[in-house]
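# Understanding the architecture of this molecule
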Amino acid sequence: MDYAIPADRVVITVAQTGAITNKSLNPNVPEQPAEIAQSAYDCFNEGASIVHIHARDPQGENTSELSIFEDIHGRIRDKCDIIIQDSTGGGPNLTQEQRINCLGASPDMASLNMGSMMRVAGPYKGVPFSNMPDEIDWFVEQITQRGIKPEMEVYSHAMLQEVRRLIKEGRVTKPYYINIVLGMRYQGAEPATPKTLTSMVDNLPPDSIFNCTGVGSAQTPLATMAMIMGGCVRVGLEDNIYYAKGELAQSNAQLVAKVVRIARELGKQPATPAETRQYLGLPPAKA
């Protein structure tokens, strides 16, 4: 079976909020459930088929509160059939157990971080982002036993070792969905360069579909390159708060619209959520 995305389609994920970006950095970052749901719907209308979710409490801090995830999910599903992908990275203030609370809200997908990193800047400088092999095994078990598809996030070539291990041990199923995150120096990611991306793609396991997340000013260039290479792309305010140099993005939807325009210039159309479900082996959306 060919697991490649059709040449005339591109799967677009929008990461709207994140664990670090907030309204003090860009006032258009959605933080509360109603804001996040409306932003997701606007992005769906522009062409996004997957929405990556982080939750915040009423004070704007990272939270693992299940009721907030359920509120966000319910509001989004009342509006559209976009695929919901929750973050199990959470935030630096959350415990390992808290990071998986979101799974109780039954997302379609969930992120699975494939290695440990050290935060090198900001208020959490020196605080490790722990994803040891036994912790990865526990996370993937919690994800897959609920029928949720893992989105394996790799920040370096070394993390591909853990991807290969999970495949060898039968802990994940085809097609393997791998998100290559580049340029996030805050967490020790490899540089966001064309050479790094091509090398990472060249080293992917068979039966993989890759997504590219370029952080900061690399978002649009690497998204363009990933589309040319037949991959999926992620954009959004979690990874990049600017629309252009010195110009804050007005919304997540504006960033989605930008990459859709580029995709169409490349002869591609944004995949619908239904198409994306077929490509990634997800079940149909519930009525």
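Right above here is the structure, for reference.
The structure contained in this document is the topic of the report that follows.

Conventions adopted
Residues numbered from 1 in each chain as written. Predicted model: local features only at pLDDT ≥ 70, side-chain atom pairs only at ≥ 80, totals over all residues. Heavy atoms only, no water. Axes fitted to C-alpha atoms, helices over the stretch in contact; angles between N-to-C directions. Helix = DSSP H or I, 4+ residues; strand = E, 2+ residues; numbered from the N terminus. Left-handed = near helix turned anticlockwise from the far one by under 90°. Contact = heavy atoms within 4.5 Å. Nonpolar A, V, L, I, M, F, W, Y, C, P; charged D, E, K, R; others polar. Buried < 20%, exposed > 50% of the residue type's maximum accessible area, 1.4 Å probe, protein only. Pairing = 2+ DSSP bridges. Polar contact = N/O pair within 3.5 Å; in protein donor to acceptor, adjacent residues only side chain to side chain. Phe/Tyr/Trp six-rings, centres within 6.5 Å; stacked < 30°, edge-to-face > 60°. Lys NZ or Arg CZ within 6 Å of the ring centre and 35° of its normal. Salt bridge = Lys/Arg side-chain N within 4 Å of Asp/Glu carboxyl O.

### Quick look at the packing of helix 1 (residues 33-46) against helix 2 (residues 66-79)
- Orientation of helix 1 relative to helix 2, taken along the N-to-C sense of each, is 35 degrees, at an axis distance of 9 Å. The crossing of helix 1 and helix 2 is right-handed. In this structure, helix 1 uses Pro33, Ala34, Ile36, Ala37, Gln38, Ala40 and Tyr41 to contact helix 2, whose residues at the interface are Ile68, Asp71, Ile72, Arg75, Ile76 and Lys79.
- Residues belonging to the contact of helix 1 with helix 2 are distributed by class as follows: 9 nonpolar, 1 polar and 3 charged.

### Regarding the pairing of strand 11 (residues 232-235)
- Side chains of strand 11 alternate between two faces, with Cys232 and Arg234 and Val233 and Val235 buried alike.
- Alignment of strand 2 (residues 12-15) against strand 11, held across 3 bridges, turns out to be parallel. What sits directly across from Val14, in strand 11, is Val235.
- Relative to strand 11, strand 10 (residues 208-214) runs parallel, the two being bridged by 3 bridges. By the bridge assignment for strand 11, Cys212 is matched with Val233.

### A closer look at the side chain of Arg165
- Position of Arg165 relative to the elements: it lies in helix 5 (residues 159-168).
- Engagement of the side chain of Arg165 in a polar contact is seen with the backbone oxygen of Pro133, the distance being 3.4 Å.

### Focus on the packing of aromatic side chains
- As enumerated under the stated definition, the model contains 2 aromatic pairs in all.
- Seen in terms of ring centroids, Tyr41 and Phe44 are 6.2 Å apart; in terms of plane orientation they differ by 20 degrees. Their pairing is stacked. Residue Tyr41 and its partner Phe44 are both found in helix 1; the two are separated by 3 residues, about one turn of the helix.
- Taking relative accessible area as the criterion, Tyr41 reaches 29% and is therefore assigned partly exposed.
- Look at Phe44 and you get partly exposed, because its relative accessible area is 25%.
- Ring centres 5.3 Å apart and planes at 75 degrees place the aromatic pair Trp138 and Phe139 in the edge-to-face group.
- Phe139 gets classed as buried once you look at its relative accessible area, which sits at 2%.
- Above the ring of Tyr243, the side-chain terminus of Lys258 is found at 4.7 Å from the ring centroid.

### Some thoughts on the sheet that holds strand 11
- The strand order 2-3-4-5-8-9-10-11 describes a closed barrel built from 8 strands, whose pairing is parallel. Neighbour to neighbour, the strand axes of the sheet diverge by 25 degrees on average, direction disregarded.
- The pairing of strand 5 (residues 109-113) with strand 8 (residues 149-154) spans 5 bridges and is parallel. By the bridge assignment for strand 8, Met109 is matched with Lys149.
- Along the sheet, helix 9 (residues 273-280) makes contact with strand 3 (50-53), strand 4 (83-86), strand 5, strand 8, strand 9 (176-182) and strand 10, crossing strand 4 at roughly 60 degrees.

### Considerations on the pattern of salt bridges
- Summed over the entire model, instances satisfying the criterion amount to 16 salt bridges.
- Taking the shortest distance from any N to any O, the salt bridge between Arg234 and Glu153 comes out at 3.6 Å. Of this pair, Arg234 sits in strand 11 while Glu153 sits in strand 8, placing them 81 residues apart in sequence. Each of the two residues, Arg234 as well as Glu153, counts as buried.
- Residues Lys174 and Asp207 are paired through a salt bridge, measuring 3.2 Å at the closest nitrogen-oxygen approach. With Lys174 in the loop between helix 5 and strand 9 and Asp207 in the loop between helix 6 (194-202) and strand 10, this pair connects stretches of sequence that are 33 residues apart.
- Residue classification places Asp207 among the partly exposed positions, given a relative accessible area of 27%.
- Here the salt bridges share partners, and the residues they tie into one network are Asp137, Glu162, Arg165, Glu169 and Arg171.

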